[in-house]
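# Structure at a glance
Listed below, chain by chain, are the residues.
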Amino acid sequence: MNTEKSAALYARAVEVMPGGNSRTAVYSSPYPVYVRSGSGARVTDVDGVERIDFLNNSTTLIHGHAHPEMVEAIAAAVGHGTSFGMPTPVEVEYAEALSARNATFEHVRFTSSGTEAVMMAVQAARAHTGRPKIAKIAGAYHGAYDAVAVNNDGSGNLISHAVTGNPEGVVSNTVVIPFNDPEGSLEVLRRHADELACVLIDPVPWRIGLLPASKEWLDALREFCDTTGALLISDEVGSYRVGYHGAMELLGAEADITVLGKVIAAGMPIGAVAGRRRFMGVFDPSKGKPALPHSGSYNANPVSMSSGLASLRLLTPEAHERIGLLGEQARVAMRGALADAGLDWEVNGLGSLFRVVATSAPAGYDSSAAAMKALYWKLLENGIHVGDSGLGCISTPMGEEEVAEYAAAFSTSLDQVLAEGRA
Ligand SMILES: Cc1ncc(COP(=O)(O)O)c(/C=N\OC[C@@H]2NC(=O)[C@H](CON)NC2=O)c1O
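- If you look the protein chain up in an unreviewed UniProt entry, it shows as Aspartate aminotransferase family protein from Kitasatospora terrestris.
- The protein chain has a UniProt comment under Cofactor (unreviewed entry) that states "pyridoxal 5'-phosphate".

In structure tokens form, the structure reads like this:
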């Protein structure tokens, strides 16, 4: 596989950036493949190699690359100015459209990333309740905010290990609960009940396997929060795309506050906090100094707002259903290829999201992760881009042809990985 130009770019990058990188998720060893452009479901790298993009920037690009309606909306917005020290009409229009997506989105507020939206949702819960502690799922990822950068690496154990440098004063206010384990979760939550501001969950947490939350577990969390006054926060930055009204509605549950990002603008920087009025009131500056002041130079900038409005217009119930069916086709095809290869790996996901979970190391590989990384590179050689930890998704420009191409490449790449392990 020709990656000469990527190698040359990386050699320059390491001179001016730590490890030549600005985003851990896009680093690959020995160096990442650099992309030149994207169009629809396909991307072209700097060496001219075209691939079908099933990663879509960590599932953000639900309408693929350079969708004509998205480009038109963003270009028109840019032509009138990229940001202002005043609100713009499109912020109101987009807030109305987003609020209409779910009955619990009574009030919405915009940020420029999912990380910021998680941070503001947690701070809102702390401001509303006056309590310091938060609970999160063991192993789940919620972005870079230090209060949630605790036990977020997919390990799943209940030890509150944290990212390097996270101070004890932060880590001690974050407790972790076992995913989809009602009794185990309640045992932890009851121990901290009078100090808990919120229970923060991802209803389809990708780092611990991309399995959906069970109704039993969600009901147990809902009842705990109703009883103790802690807020139930659903972080749907990644999982919102599983249903027109979002993941919690699809799973038969309700959150007090929902965090959104990625697909709600599908390409421009975005984050959103959407919740019941009584909880969002901490942000309200119209009745004197707000309990929780919150600003950000690009919050609700008209380019992101226009991108968001275009994305929601394209995200119809029919579009959701179609990409959900294609997601299931991809999951079934991958399970068949793994069975044919004699591998016990899992294929999980919901709707248009999927993830291959390497559960064992094939012959010749010293870990399942090493085999997964080998599969990532083989798929790149075979014309497919998907996450190096197995995460992938369907975009609206895709059809059965792209899924068939993916299935064929997945089967071929799997055989090549196993053959190399045996060699
Ligand atoms: C549930 C959830 N909450 C918050 C965030 C942060 O949003 P962001 O600041 O807009 O990236 C995210 C962001 N990205 O998650 C997808 C994926 N998750 C990851 O763990 C990796 C990083 O490590 N491999 N990179 C990714 O982009 C998220 O999934």
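Continuing now.
## Here's the deal with helix α4 (residues 89–99)
- Buried residues of α4: V90, Y94, A95 and L98, and no others. Each buried residue of α4 lies within a common arc of 135 degrees when the element is viewed along its axis, so the set occupies one face. Relative to its buried face, α4 has exposed residues pointing more than 90 degrees away, namely P89 and E96.
- Looking at the packing, one finds that the buried side of α4 touches β4 (107–111), β9 (257–261), β10 (271–275) and α11 (302–314).

## Re the confidence of the model for the protein chain
- Summary statistics for the protein chain give a mean pLDDT of 97 and a share of 100% for residues scoring 70 or more.
- Here the predicted complex scores 0.97 on pTM and 0.94 on ipTM.

## Quick word on the layout of surface pockets
- Taken as a whole, the second largest pocket holds about 610 Å³ of empty space.
- Elements represented by at least two residues in the lining of the second largest pocket include exactly α4, β4 and α10 (277–280).
- Broken down by element, the residue count for the lining of the second largest pocket peaks at 4 residues, all from β4.
- Within the lining of the second largest pocket, the residues separate by chemical class into 12 nonpolar, 10 polar and 5 charged.

## Here we look at the packing of aromatic side chains
- Scanning the entire structure with this criterion turns up 9 aromatic pairs.
- Ring centres of Y10 and Y27 lie 6.1 Å apart, and the angle between their planes is 45 degrees; on these two criteria the pair is classed as tilted. With Y10 in helix α1 (residues 4–16) and Y27 in the loop between α1 and β1 (35–39), this pair connects stretches of sequence that are 17 residues apart.
- According to the relative accessible area criterion, Y10 is buried, its value standing at 12%.
- Between Y94 and F110, the ring centres sit 5.0 Å apart and the planes meet at 15 degrees, which makes this aromatic pair stacked. On the criterion of sequence distance, the pair formed by Y94 in helix α4 and F110 in strand β4 is long-range, its members being 16 residues apart. Of the two residues, Y94 and F110, neither departs from the other in class, the shared state being buried.
- Ring pairs connect the aromatic residues F54, F354, Y406 and F410, which therefore count as one cluster.

## Some remarks on the sheet that holds strand β13 (residues 384–385)
- Spatially, 4 strands are ordered β1-β2-β3-β13 in an open sheet, and the strand pairing comes out mixed. The open sheet terminates on both sides in strands that have one partner only, identified here as β1 and β13.
- Both strand β2 (residues 42–45) and strand β3 (residues 50–53) contribute to a ladder of 3 bridges, which runs antiparallel. When the sheet's bridge partners are listed, V43 is paired in β3 with R51.

## Points about the side chain of K136
- Mapped onto the secondary structure, K136 falls in strand β5 (residues 133–137).
- Here K136 sits buried without a salt bridge, and the closest side chain of opposite charge, D153, lies 7.7 Å off (N-O distance).
- A polar atom in the side chain of K136 sits 2.8 Å from the backbone oxygen of A140.
- A polar contact of 3.0 Å, which involves the side chain of K136, links it to the backbone oxygen of V150.
- Setting aside anything within four residues of it in sequence, one finds K136 in contact with H142, V148, V150, N151, N152, T174, V175, V176, I177 and L200.

How each quantity is defined
- Residues numbered from 1 in each chain as written.
- Predicted model: local features only at pLDDT ≥ 70, side-chain atom pairs only at ≥ 80, totals over all residues.
- Heavy atoms only, no water.
- UniProt positions renumbered as here; feature names shortened; annotations may be inferred.
- Buried < 20%, exposed > 50% of the residue type's maximum accessible area, 1.4 Å probe, protein only.
- Helix = DSSP H or I, 4+ residues; strand = E, 2+ residues; numbered from the N terminus.
- Arc of directions from axis to C-beta.
- Contact = heavy atoms within 4.5 Å.
- pLDDT = per-residue confidence, 0-100.
- 1 Å grid on protein atoms, 1.4 Å probe; cavity = no way out; pocket = protein on both sides within 12 Å on 5 of 7 lines; lining within 4 Å.
- Points joined across faces, edges and corners; volume = space filled by probe spheres on them.
- Nonpolar A, V, L, I, M, F, W, Y, C, P; charged D, E, K, R; others polar.
- Phe/Tyr/Trp six-rings, centres within 6.5 Å; stacked < 30°, edge-to-face > 60°.
- Pairing = 2+ DSSP bridges.
- Lys, Arg positive; Asp, Glu negative; His and termini not counted.
- Salt bridge = Lys/Arg side-chain N within 4 Å of Asp/Glu carboxyl O.
- Polar contact = N/O pair within 3.5 Å; in protein donor to acceptor, adjacent residues only side chain to side chain.

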